[in-house]
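An overview of the molecular structure
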Amino acid sequence: MLRTHTCGALTAEDVGKEVRLCGFVDTVRNLGSLVFVDLRDSYGITQLNIKPEDQEKWHLRSEDTIMAKGRVVLRSAPNKELKTGEIEIAVEDVTVFSESETTPFPIKDEITASEETRLEYRYLDLRRPKMLRYLKTRALISQYTREFLTKEGFLEVDTPTLIKSTPEGARDYLVPSRTFPGTFYALPQSPQLYKQLLMVAGVDRYFQLAHCYRDEDQRADRQPEFMQIDCEMSYVEREDVLNIIERLLKELFLKIKGVKLPDFVRLSYKDAIEKYGSDKPDMRFEMLLKDVTPALQDSGFAAYQGKHIMALLVPGVSETTSRKTMDEDNELSKKYGVFGVSHLKFEEEGWTSSLVKKMHPEALTKLTVMLKPNKGDLLILCADSDKEKACMALGALRLSYGGKLGLLSKDVYKPLFVIDWPLFERDKDGNIVSLSNPFTRPVDEDLPLLDEDPTKIRSTSYDTVLNGVELSSGALRIHDSRVQRKVFSLLGLSSEDIDVRFGFLVKALRYGVPPEGGFGIGVERLAMELCGTDNVRDVVAFPKNLRGAEPMSECPSAVPQEDLDVLGLKIAGQGDKNG
């Protein structure tokens, strides 16, 4: 090795040793009679003490890549913030491997450069100590996951990444085939069908750190390509799978972050929506929604007649709630398809609001008895014929006020499983659509509803949620070929459609299938929580931006027509003078 030690290794015990260190020049402090250089690598920083005449010879600048030879000595003024802060290197010689131009932004944890600039120069962005810590956290997730699951009897199996295109909720990325002109592979949205087939094959317990791809609009917590901890287990019930998820996440948080997660709560989808206004509830604070329809359905306010009326009581904010704040609340609520919300303040004399004059006094008395408000509390009401819409609108406001009141501490962790999701719903045209993938098993006692009212069927699916972030989803799988065909049929697939799209799966279900289930944990979202960042691009080495492009390599990019000719493809509007 060119170096004898890393820049984070040397301590007072090493005084007197002759050493060689390699790394990037972090800062140069020329004090005239003394020159100090901080040398940085991915392990830490060590101070170099260089003679002024040598600095004139070497002209070291920030981000030059060098090797420094010298002797370890004690520093006259120790830096207690650094692991190497007791010592420095009395430099005897420097080899400059590569000089650096002035970087487009400082290589420091706190910078003001735009994200687009950081992504264009990602290799420099990743030099920052914080970004290196994020990459190391991702590596630990993979390492400890493999150790845990292997110990639990799971077999790591790689499934294909060129697969048959099957509907899974998002658009596929398609790859044209050269040897079968006019046909396409798809990049997997998940290894779903293959892991089910592995259970049919008798693998019993499978896992994979799987690369997945979804062609969908990007957000702060979403990338077009991502990785998931993907697992499947045979001969299990729901609690068996939840137990594995809970123990795995507890182990990862303890080993990586030193945090002991509390036991995971089980919460039904119905309760999550009606109490928290979200299918991924943040349980770090209370402020639960309340159904006040019994109190206000006959209040005399015509707009509430025949509606579901939900309430959010925000403690102690009535005096600071302005008309501007109320208008902002209304705008946020309308994004969830409701008409808006109403605000009431609770004072010494009772409820105050322009709405109060439109309500019967006895209705307001019922409201007070039901909510038990304190002076200074703010009540936000939302009414809609669709109860879920009203809940979701107030759920968004609940999170907004939770943030304003400082209730979203990053040092508090409240994990839970959301269970008993609906399996189906009807779209605006009245058609049955699946709320999860079409291989999800219904709750056994709800199976008769397949022929009666499918929208009342509960699924065996489950989501893992931590502080309002969905970390994983999963379900038990249909292991009866007749039930699977029935589900496909309800979703509007003909027998021919089923055979064309899923024939290989339906065929496999005819040869004996274990009761099985599994899950996929999103590695990027998990890394976000472990690193304490809100942006998924921070924990991806070379991420795509919000447009799904990579500024550094400028992909996606055009390819020569001759390469497309081999695939039998033409770009629309090109190559044909007649259009």
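For the structure given in this document, a descriptive report is provided here. Computed from a prediction, not measured in an experiment: that's the story for all the values here.

A separate point is the nonpolar core. Counting residues in each nonpolar core, the largest one holds 45 residues, and the members touching the most others are Ile-229, Ile-245, Leu-249 and Leu-526. Once residues within four sequence positions are removed from consideration, Ile-245 is found in contact with Phe-417, Tyr-462, Thr-464, Ser-472, Phe-519 and Ile-521.

You can see Ser-100 is positioned in the loop between β5 (87–98) and α2 (115–120). Its relative accessible area of 16% is what places Ser-100 among the buried residues. Apart from the residues within four sequence positions on either side, Ser-100 is in contact with Arg-61, Ser-62, Glu-63 and Asp-64.

With that settled, the discussion passes to the pairing of strand β21 (residues 469–476). A large share of β21 lies buried, amounting to six of its eight residues. Across five bridges, the pairing between strand β20 (residues 462–466) and β21 is antiparallel. Bridging across to β21, Tyr-462 finds its partner in Gly-474. Between β20 and β21, which pair antiparallel in sequence order, lie two residues; one of them, Asn-467, sits at a positive phi of approximately 55 degrees. Note that β21 and strand β22 (residues 516–522) share five bridges and pair antiparallel. Note on β22: the bridge partner recorded for Ala-475 is Gly-518.

Scanning all chains against the criterion turns up nine aromatic pairs. With 4.9 Å between their ring centres and 70 degrees between their planes, Phe-346 and Trp-351 make a pair best called edge-to-face. Its relative accessible area of 9% is what places Trp-351 among the buried residues. For the pair Phe-439 and Phe-488, a centre-to-centre distance of 6.3 Å together with 85 degrees between the ring planes defines the contact as edge-to-face.

Parameters and conventions
- Residues numbered from 1 in each chain as written.
- Predicted model: local features only at pLDDT ≥ 70, side-chain atom pairs only at ≥ 80, totals over all residues.
- Heavy atoms only, no water.
- Core = buried A, V, L, I, M, F, W, Y, C linked by side-chain atoms within 4.5 Å.
- Buried < 20%, exposed > 50% of the residue type's maximum accessible area, 1.4 Å probe, protein only.
- Contact = heavy atoms within 4.5 Å.
- Helix = DSSP H or I, 4+ residues; strand = E, 2+ residues; numbered from the N terminus.
- Pairing = 2+ DSSP bridges.
- Phe/Tyr/Trp six-rings, centres within 6.5 Å; stacked < 30°, edge-to-face > 60°.

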